[in-house]
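The chain contents come next:
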Amino acid sequence: MKRVLITGAAGFLGSHLCDKFIDNGYHVIGMDNLITGNLDNIEHLFKLKQFEFYHHDVSKFVHVPGELDYIVHFASPASPIDYLKIPIQTLKVGSLGTHNLLGLARAKSARIIVASTSEVYGDPDVHPQKEEYWGNVNSVGPRGVYDEAKRFQEAITMAYHTYHGLETRMVRIFNTYGPRMRLDDGRALPAFMSQALMGEDLTVFGDGSQTRSFCYVDDLVEGIYRLLLSDYALPVNIGNPSEITIKEFAEEIIKLTGTDNKVVYKDLPKDDPKQRCPDITKAKEILGWEPKVDRSEGLKRTYEYFKNKLGK
Ligand code: NAD
Ligand code: UDP
């Protein structure tokens, strides 16, 4: 049985990755310090003998007994609200945490995949974003703590690959949504869905003309799995290129929930990217991957989860 360490295992994406690897016959070692995650997301796995869990902060030395075939490094706050609240931990997990896991991968001769992000492109002036675009990031702005940590993560991962010959993979993840997102993490989808369900106005920031491209979690997880098993070491965008303005996105959620809530406009946060859409040519060519779940289907599935969570 192959053994995989998944960091950030109790988070939104980490918990779905745990399920994916369990379903594919792996022994999964989950690790998380629960700073933004929740054990509820992986509660169903604790009864399995092929799952174990370590409550640990990966910014500190990481020890895992036994062999490891793969490391899937997803630990990091991910929503702007979260990383503004805990900026130093965000910088540490992207830098020190990644360094620890690269060291562990080397010691175990394991292959490692790290979770990068479309935020490495900053507020992009190239559209859609290709992997070759170097980005437009404000290092001292509020998002700098996250963006620069992730850029450092890519740089040190590349250095371990070229200098130590470590087997490394990097996924640049674009906005992803689905069940197990935290209701109060401040991201657009949980904010809009919980507001709609609670009979509140939906808070659109700015005039809502900024765009995002939302990928359903099952599609993302499949892309990550294929990338890990591929032999491609440079960054690969994984996301759904179907682009929408945030105002239209809020309206879609109002329609889906069948409520008569209104949209209200609030100040646009500093350095909020104006447009974001992945160019997924590489993922298609190298991994034979493209998203399968369209937004109307993905939103329906997510809505069921949020309704249950809120007891509606
Ligand atoms: P999340 O907050 O739900 O999950 C992150 C998990 O990491 C949490 O369980 C948290 O407790 C854990 N964690 C944070 N710091 C840690 C530390 N020092 N030690 C151990 N555990 C720690 O967020 P998510 O949306 O699941 O994001 C997971 C990863 O994917 C992150 O690296 C994020 O940057 C990346 N990503 C996500 C998206 C997205 O749309 N969800 C987009 C781009 C990149
Ligand atoms: N947004 C919004 N209202 C909210 C939360 C977010 O209008 O209550 C906007 C946010 O300003 C951004 C977009 O929705 O333009 C996506 O935000 P999110 O935090 O989900 O992710 P980002 O892509 O900005 O990291």
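Reading guide: rules and limits
- Residues numbered from 1 in each chain as written.
- Chains lettered and ligands numbered in written order.
- Predicted model: local features only at pLDDT ≥ 70, side-chain atom pairs only at ≥ 80, totals over all residues.
- Heavy atoms only, no water.
- Near = heavy atom within 4 Å.
- Polar contact = N/O pair within 3.5 Å; in protein donor to acceptor, adjacent residues only side chain to side chain.
- Areas by Shrake-Rupley, 256 points an atom, 1.4 Å probe, with all protein chains shown as cover.
- Helix = DSSP H or I, 4+ residues; strand = E, 2+ residues; numbered from the N terminus.
- Nonpolar A, V, L, I, M, F, W, Y, C, P; charged D, E, K, R; others polar.
- Phe/Tyr/Trp six-rings, centres within 6.5 Å; stacked < 30°, edge-to-face > 60°.
- Lys NZ or Arg CZ within 6 Å of the ring centre and 35° of its normal.
- Buried < 20%, exposed > 50% of the residue type's maximum accessible area, 1.4 Å probe, protein only.
- Contact = heavy atoms within 4.5 Å.
- Core = buried A, V, L, I, M, F, W, Y, C linked by side-chain atoms within 4.5 Å.
- Axes fitted to C-alpha atoms, helices over the stretch in contact; angles between N-to-C directions.
- Parallel < 35°, antiparallel > 145°, perpendicular 65-115°, else oblique.
- Left-handed = near helix turned anticlockwise from the far one by under 90°.
- Salt bridge = Lys/Arg side-chain N within 4 Å of Asp/Glu carboxyl O.

Draft legend 1. Representation of the site of ligand 1 in the model. Surrounding ligand 1, one finds 29 residues, the nearest of these being Leu13, Asp32, Thr36, Asp57 and Tyr146. Isoleucine 35 places a polar main-chain atom, nitrogen or oxygen, 2.9 Å from an oxygen atom of ligand 1. A distance of 2.9 Å separates an oxygen atom of ligand 1 from a polar atom in the backbone of threonine 176. For ligand 1, the accessible surface in isolation is 830 Å², of which the surrounding protein chains cover 95%. Breaking the shell around ligand 1 down by element, the ones donating at least two residues are helix H1 (12–23), strand S5 (111–117) and helix H4 (144–164). Of all the elements, S5 adds the most residues to the shell around ligand 1, at three residues. Its residues assigned to classes, the shell around ligand 1 comprises 13 nonpolar, 12 polar and four charged.

Draft legend 2. Just the packing of aromatic side chains, in detail. Per the counting criterion, the structure on display carries 14 aromatic pairs. Judged by centre distance (5.6 Å) and plane angle (65°), the ring pair of tyrosine 177 and tyrosine 216 falls under edge-to-face. Of the two residues, tyrosine 177 sits in strand S7 (residues 176–177) while tyrosine 216 sits in strand S10 (residues 215–216), which places them 39 residues apart along the sequence. Here a set of aromatic residues connected by ring pairs shows up, and it is made of Tyr177, Phe192, Phe214, Tyr216 and Phe249. If you follow lysine 20 out to its NZ or CZ, it ends over the ring of tyrosine 225, 5.1 Å from the centre.

Draft legend 3. Geometry of the site of ligand 2. With respect to spatial proximity, 18 residues lie near ligand 2, and among them Thr203, Phe205, Arg212, Asp272 and Arg276 are the closest. Between ligand 2 and glutamine 210 there is a distance of 3.0 Å, counted from an oxygen atom to a side-chain nitrogen or oxygen. At 2.6 Å from an oxygen atom of ligand 2 is found a side-chain nitrogen or oxygen belonging to arginine 212. The fraction of the free accessible surface of ligand 2 (520 Å²) that becomes covered by protein chains is 94%. Among the elements of the structure, helix H5 (188–197) and strand S8 (202–205) are those that each provide at least two residues to the shell around ligand 2. Here the shell around ligand 2 is built from residues that sort into eight nonpolar, four polar and six charged.

Draft legend 4. Quick peek at the environment of cysteine 18. For cysteine 18, the position within the fold is in helix H1. The exposure class assigned to cysteine 18 is buried, which follows from its relative accessible area of 0%. Not counting residues within four places of it along the chain, the set of residues in contact with cysteine 18 comprises Ile6, Ala9, Val28, Ile42, Leu45 and Phe51.

Draft legend 5. Quick look at the nonpolar core. In terms of nonpolar packing, the biggest core is built from 59 residues, with Ile6, Phe21, Val28, Val72 and Phe74 touching the most fellow members. It is helix H6 (residues 217–229) that contributes the most residues to this core, seven residues altogether. With residues near it in sequence (within four places) discarded, valine 72 still touches Val4, Leu5, Ile6, Thr7, Leu17, Phe21, Ile113 and Leu228. Counting residues in hydrophobic clusters, the runner-up holds 21 residues, among them Val58, Ile71, Ala105 and Met170.

Draft legend 6. Spatial organisation of the side chain of threonine 176. Along the polypeptide, threonine 176 turns up in strand S7. Given the relative accessible area of 9%, threonine 176 is considered buried. With sequence-adjacent residues up to four places away left out, threonine 176 is seen in contact with Phe12, Leu13, Met181, Cys215, Tyr216, Val217 and Leu220.

Draft legend 7. View of the packing of helix H7 (residues 246–257) against helix H9 (residues 295–309). Where H7 meets H9, the axes come as close as 11 Å, and the angle between the chain directions of the two elements is 60°. It follows from the interaxial angle that H7 and H9 lie oblique. As H7 packs across H9, the resulting crossing turns out to be right-handed. When H7 is examined against H9, the residues Phe249, Glu252, Ile253, Leu256 and Thr257 are found in contact with a partner set consisting of Arg295, Leu299, Lys300 and Tyr303.

Draft legend 8. Structural view of the pattern of salt bridges. Evaluated as defined, the whole model comprises 24 salt bridges. Taking the shortest distance from any N to any O, the salt bridge between aspartate 272 and arginine 212 comes out at 2.9 Å. With aspartate 272 in the loop between strand S13 (263–266) and helix H8 (281–287) and arginine 212 in strand S9 (residues 211–213), this pair connects stretches of sequence that are 60 residues apart. Both residues of the pair, aspartate 272 and arginine 212, count as buried. The partner of lysine 270 in a salt bridge is aspartate 271, with the nearest N and O atoms 3.7 Å apart.

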